[in-house]
Amino acid sequence: VDGDVEGLLVYVNYGVPKDYETLERYGIDVKGKIVITRYGGSWRGIKPKVAAEHGAVGCIIYSDPRGDGYFQGDVYPKGAYRNETGAQRGSVADMPVHPGDPLTPGVGATRDARRLSRAEAVTITKIPVLPISYADARPLLEALGGPVAPEAWRGALPITYHLGAGPARVHLKLAFDWKQVPAYDVIAMLRGRERPDEWVIRGNHHDAWVNGAEDPVSGLVALLAEAQAVGRLHTAGFTPRRTVVYAAWDGEEPGLLGSTEWAETHAAELQQKAVVYINSDTNGRGFLSAGGSHSLEALVNEVARDVTDPQRKVSVAERARARRILQGTKEERAELRSRADLRNDALGSGSDYTPFLQHLGIASLSLGFGGEDGGGSYHSIFDSFDHYTRFGDPTFAYGVAMAQVGARTVLRLAEADVLPFTFGPLADTVAVYVGEIEKLADEMRAGTEEENRQIKDRTMEIGGDPKEPLMVPAARPAVPFFSFAPLRNALRRVEESAREYDKARTSAASLAPNPALDQALLGMERAFTRNEGLPRRPWFRHHLYAPGFYTGYGVKTLPGIREALEQRQWEDVPRQVDIAAAALERYATELDRARALLP
């Protein structure tokens with residue numbers, strides 16, 4: 001939002017809700033003040049959102065060298081990491097409420113669409129926000145007084161980090177260009193030979209902040225190579241059974257505009273025809289990452305076993321497994337060694353799969369390589385061809401690997417006699433999510449009891465000492481006991497239905513093309529959705545995966561229950577348990593219907 005504001009400066013660490021709880025214990029209030037926060041800890045748009053909720057009038061976001069600069073390694077141009085002048089741009093729209101055009105929530109932003117006024121748009125940030133480099137942040141932070149920041153809040157600048165407020169004052173004057181311009185999605189469709197009304201959709205965005213060599217061109221060129229290969233196959237006489245759609249989205253960076261508006265415009269048709277949406281974004285040297293619908297987990301693992309890692313000459317699946325074993329916890333390593341396949345990561349938000357998966361309930365994947373392409377070029381002018389060819393993927397070998405993974409996934413889905421969905425991995429993963437919810441409730445209950453005990457002891461210790469630098473917070477209400485039995489009962493139904501479907505699918509010696517079964521499988525993901533959506537954000541309809549209301553990109557699984565617990569909205573927990581249980585029951589019912597269509 002435009003703004004001309006002035007106020008004392010307060011350092012708020014990552015600017016997430018728990019940081020404001022810490023400030024409260026120091027007796028520091030940001031109301032009427034300007035906050036400065038470092039990148040990290042959450043998606044950037046959460047920082048001004050939470051600042052505004054606490055009464056701040058402006059927000060400055062900077063890249064601290066501890067997480068994004070010389071603390072990590074040599075800075076550009078000598079090394080890959082962000083130098084002192086690199087500023088990270090990015091949208092700060094409140095996308096956990098809804099992505100896309102802020103003026104047309106839930107409907108396509110066509111020429112004749114009814115639009116809200118800017119004042120009515122709930123996702124436009126309520127206070128002015130400015131991203132700056134750490135060179136520009138240093139004098140502001142140096143000018144702060146007040147208490148020394150807690151150790152965990154201290155970055156890597158050669159200064160003592162203070163909290164404020166003041167004595168530094170900041171004058172923040174910002175004006176933006178609010179004109180509307182067209183967004184150009186590029187859509188290519190190859191009509192299927194047998195089932196033209198079943199679509200396998202593959203997308204990557206084409207817009208960028210400044211140069212965009214890694215984000216998004218590294219992913220887009222792999223998609224274009226796939227499309228070219230599929231086109232050559234078609235020229236040679238091959239047409240896949242199902243329709244293949246390749247899409248290059250516009251406006252991803254300002255808020256997933258191109259994909260969201262296309263999906264909203266064609267929502268009814270997509271819910272009838274879209275089999276799977278397959279996404280990519282950035283790509284670089286390293287390890288395959290795969291996130292998305294767990295009914296597609298077996299397919300992803302099959303593809304990953306068939307693609308060779310260009311650096312280690314083993315399958316990309318084997319290399320990804322080795323990394324997870326090396327970096328995982330003791331429990332994660334034990335699980336990896338006990339199962340043949342890697343789990344798909346759950347998807348939050350931050351790229352163009354969001355409208356397909358979490359709004360329309362279309363099974364989705366997000367694929368890409370990375371992990372050895374670290375650096376500080378993200379969303380800056382330094383995301384250049386020079387940076388990418390020196391540090392990202394110098395030989396473009398992982399671009400080739402990405403094209404091989406993407407094209408294999410597309411063609412196996414497009415050509416399969418029956419859609420290659422399996423449901424054991426989904427049931428297994430949902431069981432993990434249910435266990436996490438039960439554990440979260442128990443840990444919150446025990447943690448609150450311990451916190452209140454410490455508050456009581458601290459209050460007695462201080463005894464009203466005016467020199468005590470920290471204020472003692474009030475005791476928290478106790479965490480009630482909740483029954484998760486409805487969730488457990490629904491989970492057992494899903495597990496049984498998944499076993500029966502996968503058993504029947506495996507035991508069939510061969511499956512003839514079965515359009516009725518395909519239609520049943522195509523609609524499975526929608527069983528997790530409901531039109532009313534999630535609390536405070538009805539656009540997000542999926543009750544198994546969603547971006548966090550206060551994390552942004554980061555995923556919340558079983559989000560209705562999890563966020564009711566985390567935000568201590570006790571009265572909403574039983575209702576969200578019932579809603580999630582009903583979604584699992586619907587899923588089991590649809591899976592039984594699909595099972596009945598198998599031989």
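Before reading on, note that the structure itself is shown above.
Residues numbered from 1 in each chain as written. Predicted model: local features only at pLDDT ≥ 70, side-chain atom pairs only at ≥ 80, totals over all residues. Heavy atoms only, no water.

Peer 1: It is not clear to me how the overall build of the protein should be interpreted in this structure. Could you clarify?
Peer 2: Check the secondary structure of the protein and you find 19 helices and 13 strands. Taken against the 2.2 N^0.38 rule, which gives 25 Å for 599 residues, the C-alpha radius of gyration of the protein at 25 Å falls within 12% of a compact globule. When the 599 residues of the protein are sorted by exposure, 55% land in the buried category. At a minimum sequence separation of 6, the contacts of the protein that also span at least 24 residues come to 77%. Of the roughly 25400 Å² that the protein leaves accessible, carbon and sulfur atoms contribute 54%. When the 71 positive and 80 negative side-chain charges of the protein are each reduced to one mean point, those points stand 2 Å apart. (Helix = DSSP H or I, 4+ residues; strand = E, 2+ residues; numbered from the N terminus. Rg over C-alpha atoms; globule rule 2.2 N^0.38 Å. Buried < 20%, exposed > 50% of the residue type's maximum accessible area, 1.4 Å probe, protein only. Contact = heavy atoms within 4.5 Å. Areas by Shrake-Rupley, 256 points an atom, 1.4 Å probe, with all protein chains shown as cover. Lys, Arg positive; Asp, Glu negative; His and termini not counted. Charge placed at Lys NZ, Arg CZ, Asp CG, Glu CD.)

Peer 1: What exactly am I supposed to notice about the pattern of salt bridges here?
Peer 2: Pairing of side chains with opposite charge becomes possible as their charged atoms draw close. Within the structure shown, the criterion is met by 37 salt bridges. Between arginine 82 and aspartate 68 there is a salt bridge, with its nearest N and O atoms 2.6 Å apart. Of the two residues, arginine 82 sits in the loop between helix H3 (65-68) and strand E4 (129-132) while aspartate 68 sits in helix H3, which places them 14 residues apart along the sequence. The same class applies to arginine 82 and to aspartate 68, which are both buried. A salt bridge links aspartate 341 to arginine 305, with the shortest nitrogen-to-oxygen separation between them at 2.9 Å. Taken together, the residues aspartate 341 in the loop between helix H11 (330-338) and helix H12 (354-359) and arginine 305 in helix H9 (residues 297-305) connect sequence positions 36 residues apart. Taking relative accessible area as the criterion, aspartate 341 reaches 18% and is therefore assigned buried. (Salt bridge = Lys/Arg side-chain N within 4 Å of Asp/Glu carboxyl O.)

Peer 1: Hey, could you run me through the environment of arginine 305 in this one?
Peer 2: Looking at arginine 305, the relative accessible area reads 42%, which means it is partly exposed. Considered as a pair, arginine 305 and proline 559 are 254 residues apart in the sequence and their alpha carbons are 32 Å apart.

Peer 1: What should I look at first to understand the sheet that holds strand E11 (residues 364-371) in this one?
Peer 2: Note on sheets: strands pair through backbone hydrogen bonds, and any given pair is parallel or antiparallel. One open sheet holds the six strands; their spatial order is E6-E8-E7-E9-E11-E10, and the pairing between them is mixed. Of all strands in the sheet, those with a lone pairing partner are strand E6 (186-190) and strand E10 (286-292), marking the two edges. Taking the axes of each pair of neighbouring strands and ignoring which way they run, one obtains an average angle of 20 degrees across the sheet. (Pairing = 2+ DSSP bridges. Axes fitted to C-alpha atoms, helices over the stretch in contact; angles between N-to-C directions.)

Peer 1: Just checking my understanding: could you explain unusual backbone geometry for this structure?
Peer 2: Most peptide bonds adopt trans geometry, and most residues besides glycine take a negative phi value. The omega torsion across tyrosine 76 and proline 77 is 15 degrees, close enough to zero to call that bond cis. With respect to the helices, strands and loops of the structure, proline 77 is situated in the loop between H3 and E4. Going from aspartate 215 to proline 216, the amide bond is cis rather than trans, its omega being 20 degrees. Relative to the helices and strands, proline 216 is located in helix H5 (residues 213-235). A positive phi angle is found at asparagine 13, which is not glycine, with a value near 60 degrees. Mapping asparagine 13 onto the fold places it in the loop between strand E1 (3-11) and helix H1 (17-25). Residue classification places asparagine 13 among the buried residues on the basis of a relative accessible area of 4%. Even without glycine at this site, leucine 256 takes up a positive phi of about 55 degrees.

Peer 1: How should helix H17 (residues 515-522) be read in this particular structure?
Peer 2: Helical geometry: 3.6 residues make up each α-helical turn, so side chains three or four residues apart lie on a common side. Among the residues making up H17, those that are buried are Leu517, Asp518, Ala520, Leu521 and Leu522. Contacts from the buried residues of H17 go to strand E7 (195-205), strand E8 (242-249), helix H8 (267-273), strand E9 (274-279), helix H16 (485-507) and helix H19 (573-596).

Peer 1: Help me out: how do you make sense of the pairing of E1 in this one?
Peer 2: Successive residues of a regular strand alternate their side chains across the two faces of the sheet. Pairing analysis gives seven bridges linking E1 to strand E5 (residues 164-174), with the strands arranged antiparallel. Residue pairing across strands places valine 5 opposite leucine 172, the latter belonging to E5.

Peer 1: Quick question: what am I supposed to make of the packing of H16 against H19 here?
Peer 2: When two helices pack together, their arrangement is given by the angle between the helix axes and the distance between those axes. Where H16 meets H19, the axes come as close as 8 Å, and the angle between the chain directions of the two elements is 20 degrees. Classified by the interaxial angle, the pair formed by H16 and H19 is roughly parallel. Between H16 and H19 lies a crossing whose hand is left-handed. Along the contact surface, H16 presents Pro486, Leu487, Ala490, Leu491, Arg493, Val494, Ser497, Ala498, Glu500, Tyr501 and Ala504, while H19 presents Val577, Asp578, Ala580, Ala581, Leu584, Glu585, Ala588, Thr589, Leu591, Asp592, Ala594 and Arg595. Across the contact of H16 with H19, the residue classes break down as 15 nonpolar, two polar and six charged. (Parallel < 35°, antiparallel > 145°, perpendicular 65-115°, else oblique. Left-handed = near helix turned anticlockwise from the far one by under 90°. Nonpolar A, V, L, I, M, F, W, Y, C, P; charged D, E, K, R; others polar.)

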